[in-house]
Amino acid sequence: MFPVSYIKPLVIKPSMITSSTAVKKLAGEAEWVATTAYVIGQVVTRADLGGRRFENKIAGTNANKPEDDRDRWYDLGLTDQNTMFDGKDGRQSIAPNALTVVLRPGAHNAMFLAGLDGIALDIVWKEYPGGPEYQRYSGTLEDTQPDDYYDYYFSPYSPQTDFLITDLTPYASCEVTVTISNPGSVARCAIASIGDLTAVGGPALSGVSVDVSGSARVTADDRGMASVVAGKLACDLTAQAIVPSDMARGVVRSVRAVQNVPCPWLITDQRLREELRSFGLGAVKLTYTSNRITASIDVQGTI
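Residues numbered from 1 in each chain as written. Predicted model: local features only at pLDDT ≥ 70, side-chain atom pairs only at ≥ 80, totals over all residues. Heavy atoms only, no water.

Undergrad: Account for the environment of Ala-107, with residues named and values stated.
TA: Along the polypeptide, Ala-107 turns up in the loop between β7 (93–103) and β8 (110–114). Residue Ala-107 is classed as partly exposed on the basis of its relative accessible area, which comes to 35%. Separated by 87 residues in sequence, Ala-107 and Ile-194 place their C-alpha atoms 9.3 Å apart. Each residue touching Ala-107, except ones within four places of it in the same chain, is listed here: Leu-10, Pro-170, Tyr-171, Ala-172 and Asp-196. (Helix = DSSP H or I, 4+ residues; strand = E, 2+ residues; numbered from the N terminus. Buried < 20%, exposed > 50% of the residue type's maximum accessible area, 1.4 Å probe, protein only. Contact = heavy atoms within 4.5 Å.)

Undergrad: If you had to explain the nonpolar core to someone new, which residues and values would you point to?
TA: If you look at soluble globular proteins, the nonpolar side chains tend to sit buried side by side. Within the largest apolar cluster, 28 residues are counted, with the highest numbers of intra-cluster contacts made by Phe-85, Leu-99, Met-111, Leu-113 and Ile-123. For this core, the secondary structure elements donating two or more residues are β7, β8, β9 (120–126), β11 (162–165), β12 (175–189) and β13 (191–199). Element by element, the count of residues in this core is highest for β12, at five residues. If sequence neighbours within four positions are ignored, Phe-85 has contacts with Ile-12, Ile-17, Val-101, Leu-103, Ala-192 and Ile-194. Formed by 20 residues, the second largest nonpolar core is a distinct cluster that contains Val-255, Val-258, Leu-276 and Leu-286. (Core = buried A, V, L, I, M, F, W, Y, C linked by side-chain atoms within 4.5 Å.)

Undergrad: Any chance you could break down the pattern of salt bridges for me, citing the residues and the numbers?
TA: Across all of its chains, the model carries 12 salt bridges by this definition. A salt bridge links Arg-277 to Asp-162; its shortest N-O distance comes to 2.8 Å. In this pair, Arg-277 is assigned in strand β19 (residues 277–288) and Asp-162 in strand β11, connecting sequence segments 115 residues apart. Connected through salt bridges with shared partners, the residues Glu-31, Arg-46, Asp-48 and Glu-67 form a single ionic network. (Salt bridge = Lys/Arg side-chain N within 4 Å of Asp/Glu carboxyl O.)

Undergrad: How would you explain the pairing of β9 if you had to name every residue and give the values?
TA: When β9 meets strand β10 (residues 133–140), the two strands line up antiparallel, connected through seven bridges. Across the sheet, residue Asp-122 finds its bridge partner in β10, namely Ser-138. Linking β9 to β10, which pair antiparallel, is a turn of six residues; within it Gly-130 sits at a positive phi near 80°. Sheet topology note: the β9/β12 ladder contains seven bridges and is antiparallel. Looking at the pairing, Trp-125 lines up with Val-176 of β12. (Pairing = 2+ DSSP bridges.)

Undergrad: I'd like a description of the sheet that holds β13, backed by residues and values.
TA: Read across the open sheet, the nine strands follow the order β11-β8-β13-β1-β18-β19-β20-β17-β14; overall the sheet is antiparallel. Since the sheet does not close on itself, it has two edges, and those belong to β11 and β14 (209–211), each with one partner. Adjacent strand axes in the sheet meet at a mean angle of 30° when their direction is disregarded. Of the strand pairs in this sheet, β8 and β13 are connected by five bridges, and their pairing is antiparallel. Looking across to β13, one finds that Met-111 is bridged to Ile-194. Those strands touched by helix α2 (residues 248–256) are β1 (5–9), β13, β17 (236–243), β19 and β20 (293–301), and its axis lies near 140° from that of β19. (Axes fitted to C-alpha atoms, helices over the stretch in contact; angles between N-to-C directions.)

All quantities given are derived from atomic positions and should not be read as evidence of function.
Structure (structure tokens):
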């Protein structure tokens, strides 16, 4: 059975990315102009901020700069070839039709992708640049699981939003090509975490908790009119696992290495069980009793 684990991520430097189709802005996204009347959902860019993108929330004209008017503009952040590797939040690298990235990350045995938007995923691993292929994944990102005939015929397309592979052979000079295809639309990836799979303990004990409550809240103005303030959309995850006594010291030392580092935390490697995986900040507490050591894992999800 799959042990409770995390992926200790490699730091992907821009020099490791040999090519990418990721773009800073999409067709139709122009530089913000104070006198323009924008419609809801329109995206503008700010060259003064390095190409930062903002999505309009209120139709009309307003001379306030987007970065100074968060009530009117939603900050989509910077997007380029490095965004999917920064491990900071859910900002997505984007490209029309297909997002293809070629990189040389160094030896690794696991890869986790999240915040995917596309219809197909293809990944090729080569022993070295231009060398022989040693592993490949090709598959659809279709995730529609109809519960009945009505859903089968009328439910919309639902994409698979994450991908996990954990049985990779490590090659120090490997070259990896990742392609997310979305013909006629925009391909996106928010998180590409590449590194070493590290077990915290055995399989999760019963009582795994997935918190989808978020942090939105209801507020009221001076007339008592209610409104909703948006909060975090990511899920949190808690679980417990038994830790063999000879692993305990190593678990503490390895978890210290990812303190304050967002990374993938995994309860299962089963496809289409993304609710049992979380990318975020993890905390591990070991409890010693007379007959066993229990690890309590608490993950604050960021995406």
